[in-house]
Amino acid sequence: MTSGEPSAENLNVLTSTQVVVKEALSRLGYGKEMYDLLKEPLRFLTVRIPVHMDDGSVNVFTGYRAQHNDAIGPTKGGIRFHPDVTEDEVKALSIWMSIKCGIANLPYGGGKGGVICDPREMSFKEQEQIARGYVRAISQIVGPTKDIPAPDVMTNSQVMAWMMDEYSRIREFDSPGFITGKPIVLGGSQGRDTSTARGVAICIREAAKVQNIDLKGSRVVVQGFGNAGSYLAKFMHDSGAKVIGISDAYGALHDENGLDIDSLLERRDSFGTVTKLFKNTISNQELLELNCDILVPAAIENQITQQNADRIQAKIVVEAANGPTTPDATKILTDKGVLLVPDVLGNAGGVIVSYFEWVQNNQGFYWTEKEVMERLEEVMMHSFETVYHTSQARTIDMRLAAYMVGLRRMAEAIELRGWV
Ligand code: GLU
């Protein structure tokens, strides 16, 4: 390797997460034992789900559930349906959930699940069988006081409804607190559907303040038009920012004068696909490199890497997706003076309102949308301030600061329980 040439980048989300976990724990003063316990989930289950397909064949799908650590309380985190789901990805996602819950001070550890499948190519009936089969397969290790699932990539409130129904049938009592992100009539919370995007918008507002950027008229690019990306584009558009680029898994749209977000929202399908309807598209890579003030990766992992980080022109990057920026790219962006708000803080709005949903289910007492939003604002603001101040006080990037803030309570609980 000649000098100046970038070294091979670690694109394995689990091993690259472990590097940051190790650094955060060591800065908090913890030794090898704590790292050995927290570098992998406490529990990891692999399941097989047979599905009778509409064409008469039987397909057997593979699914996973990871429970990172339950020293603080039950584990919590979404379930994704995606063809690229891997064991390491689900494990990393469960660690990120622990950190998210730690930052927001929620009484949970992290959990995560995934099924290797492509719901875009499956009928409703087939998706329902995957949802119910997955719950049957993991039912022994989940429950309202054990591990509480939620939506994630390509799962939605309908999938949560099937899962809640299946769990309630198995247990033989109504169990709304088993899962969050449900439809409102089945015990869902007001504001859960928009909560991830609301949290991202709060982070953008706070990040813009510290970077002295006026949001009115600012140029925003959003990668991904699923639950987080589409609502966020709408909020930014409504608050007077110019959304000049959006994308889905198949391509991206760019208009320097600002895209017509309302019409795109009307035309997207339930998985956030919209660019197929247009001829003049650009690639996702071109989208990320557009000249803009604020860039929001709201799709999948490893989008901003050592290969393209140098060409990112945004002044603020707020991660709405989980794991969109590699640690190497984080360093390149930070060195360039970009303020990067990491996923574990940026997208915590989703699990914060999931927590509110679970509290409401446990109490059988439901809040108004205004109450939910006020509480979300309070928790997000406090989370942003704590992480930002930690990064400033210690002169470290916000990702490392977030890991320190997020793991501190968990490590303390582990010590108090006498595990380490
Ligand atoms: N899947 C979301 C996340 O990654 C939400 C998890 C939840 O609500 O429990 O944060």
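Note: the structure precedes this text.
Residues numbered from 1 in each chain as written. Predicted model: local features only at pLDDT ≥ 70, side-chain atom pairs only at ≥ 80, totals over all residues. Heavy atoms only, no water.

### A word on the site of the ligand
Part 1: Residues in close proximity to the ligand total 14 residues, the closest being Lys-76, Lys-100, Pro-151, Asp-152 and Ser-354.
Part 2: A distance of 2.9 Å separates an oxygen atom of the ligand from a polar side-chain atom of Lys-112.
Part 3: A distance of 3.0 Å separates an oxygen atom of the ligand from a polar side-chain atom of Arg-192.
Part 4: When the ligand is considered free in solution it has 300 Å² of accessible area, and contact with the protein chains removes 95% of it.
Part 5: Of all the elements in the fold, those that place two or more residues in the shell around the ligand are helix 3 (87-103) and helix 12 (349-363).
Part 6: Of all the elements, helix 12 adds the most residues to the shell around the ligand, at three residues.
Part 7: Among the residues forming the shell around the ligand, the class breakdown is four nonpolar, five polar and five charged. (Near = heavy atom within 4 Å. Polar contact = N/O pair within 3.5 Å; in protein donor to acceptor, adjacent residues only side chain to side chain. Areas by Shrake-Rupley, 256 points an atom, 1.4 Å probe, with all protein chains shown as cover. Helix = DSSP H or I, 4+ residues; strand = E, 2+ residues; numbered from the N terminus. Nonpolar A, V, L, I, M, F, W, Y, C, P; charged D, E, K, R; others polar.)

### Quick look at the layout of surface pockets
Part 1: There is about 310 Å³ of room inside the second largest pocket.
Part 2: Broken down by element, the lining of the second largest pocket gets its largest block of residues, six residues, from helix 10 (residues 327-335). (1 Å grid on protein atoms, 1.4 Å probe; cavity = no way out; pocket = protein on both sides within 12 Å on 5 of 7 lines; lining within 4 Å. Points joined across faces, edges and corners; volume = space filled by probe spheres on them.)

### Regarding helix 12
Part 1: Here helix 12 is 15 residues long and its end C-alpha atoms lie 21 Å apart, about the 21 Å a rise of 1.5 Å per residue gives.
Part 2: Burial analysis of helix 12 places 12 of its 15 residues in the buried class, which makes it a mostly covered element.
Part 3: One or two positions beyond helix 12, positive phi appears at Gly-364, with a value near 65°. (Expected span 1.5 Å × (residues − 1). Buried < 20%, exposed > 50% of the residue type's maximum accessible area, 1.4 Å probe, protein only.)

### Section: the side chain of Arg-399
Part 1: Considering the arrangement of structural elements, one finds Arg-399 in helix 14 (residues 398-417).
Part 2: On the basis of relative accessibility, which here comes to 6%, the residue Arg-399 falls in the buried class.
Part 3: What Arg-399 contacts, discounting residues up to four positions off in sequence, is Glu-319, Thr-325, Thr-330, Leu-340, Pro-342 and Asp-343. (Contact = heavy atoms within 4.5 Å.)

### As for the nonpolar core
Part 1: Counting 90 residues, the largest nonpolar core has Ile-204, Leu-232, Ile-246 and Ile-352 as its most contacted members.
Part 2: For this core, the element with the most residues is helix 14, which contributes 12 residues.
Part 3: Beyond its immediate chain neighbours, meaning those up to four positions away, Ile-204 contacts Leu-215, Leu-232, Met-236, Ile-294, Val-296 and Val-318.
Part 4: Core analysis: the second largest hydrophobic core is formed by 24 residues, Val-47, Phe-81, Cys-117 and Tyr-167 among them. (Core = buried A, V, L, I, M, F, W, Y, C linked by side-chain atoms within 4.5 Å.)

### Focus: empty space enclosed by the protein
Part 1: Counted according to the given criterion, the structure contains one cavity of 30 Å³ or more.
Part 2: Of the voids in this model, the largest cavity is the one considered here, and its volume is about 130 Å³.
Part 3: Lining the largest cavity are 16 residues, with Ser-16, Thr-17, Trp-96, Thr-325 and Pro-327 positioned closest to its centre.
Part 4: Secondary structure elements with two or more residues in the lining of the largest cavity: helix 1 (13-27) and helix 14.
Part 5: Classifying every residue of the lining of the largest cavity gives six nonpolar, eight polar and two charged.

### Topic: the packing of aromatic side chains
Any aromatic ring pair is given by two values, namely how distant the centres are and how the planes are angled relative to each other.
Part 1: A complete count under the given rule lists 10 aromatic pairs for this structure.
Part 2: Plain terms: the ring middles of Tyr-108 and Trp-358 are 5.1 Å apart, the flat faces sit at 65° to each other, and that makes the pair edge-to-face. Of the two residues, Tyr-108 sits in the loop between helix 3 and strand 5 (109-115) while Trp-358 sits in helix 12, which places them 250 residues apart along the sequence. Here Tyr-108 and Trp-358 have matching classes, each one buried. (Phe/Tyr/Trp six-rings, centres within 6.5 Å; stacked < 30°, edge-to-face > 60°.)

### Digging into the packing of helix 12 against helix 13 (residues 369-393)
Each pair of packed helices gets described by two things: the angle between the helix axes and the distance between those axes.
Part 1: Interhelical geometry of helix 12 versus helix 13 gives an angle of 130° and a closest axis separation of 10 Å. For the element pair helix 12 / helix 13, the angle class is oblique. In terms of crossing hand, the pair formed by helix 12 and helix 13 is right-handed. In this structure, helix 12 uses Gly-349, Ile-352, Val-353, Phe-356 and Gln-360 to contact helix 13, whose residues at the interface are Val-372, Arg-375, Leu-376, Val-379 and Met-380.
Part 2: Within the contact of helix 12 with helix 13, the residues separate by chemical class into seven nonpolar, two polar and one charged. (Axes fitted to C-alpha atoms, helices over the stretch in contact; angles between N-to-C directions. Parallel < 35°, antiparallel > 145°, perpendicular 65-115°, else oblique. Left-handed = near helix turned anticlockwise from the far one by under 90°.)

### A word on the sheet that holds strand 12 (residues 339-341)
Part 1: Reading across the sheet, the six strands line up as 9-8-7-10-11-12 and stay open at both edges, with mixed pairing between neighbours. Only two strands of the sheet have a single partner each, and these edge strands are strand 9 (251-254) and strand 12. Across this sheet, the average inter-strand angle for adjacent strands is 15°, counted without regard to direction.
Part 2: As paired strands, strand 10 (residues 294-297) and strand 11 (residues 316-318) are joined by two bridges and run parallel to one another. For Ile-294, the partnering residue across the bridge sits in strand 11 and is Ile-316.
Part 3: Sheet strands in contact with helix 6 (residues 192-210) are strand 10, strand 11 and strand 12, and its direction is about 160° off that of strand 11. (Pairing = 2+ DSSP bridges.)

### A short note on the pattern of salt bridges
Part 1: One pass over the structure, following the stated rule, counts 29 salt bridges.
Part 2: For Asp-36, the salt bridge identified is with Lys-39, shortest N-O distance 3.5 Å.
Part 3: On the basis of relative accessible area, Asp-36 is assigned to the partly exposed category, the value being 32%.
Part 4: What makes Lys-39 partly exposed here is its relative accessible area of 27%.
Part 5: For the salt bridge of Lys-91 with Glu-40, the shortest nitrogen-to-oxygen distance reads 3.3 Å. Here Glu-40 lies in the loop between helix 2 (32-38) and strand 1 (43-52) and Lys-91 lies in helix 3, a separation of 51 residues in the sequence.
Part 6: On the basis of relative accessibility, which here comes to 28%, the residue Glu-40 falls in the partly exposed class.
Part 7: Each of Glu-128, Arg-132, Arg-136, Asp-165, Glu-166 and Arg-169 takes part in a single network of salt bridges with overlapping partners. (Salt bridge = Lys/Arg side-chain N within 4 Å of Asp/Glu carboxyl O.)

The quantities given are spatial measurements derived from coordinates; they are silent on function.
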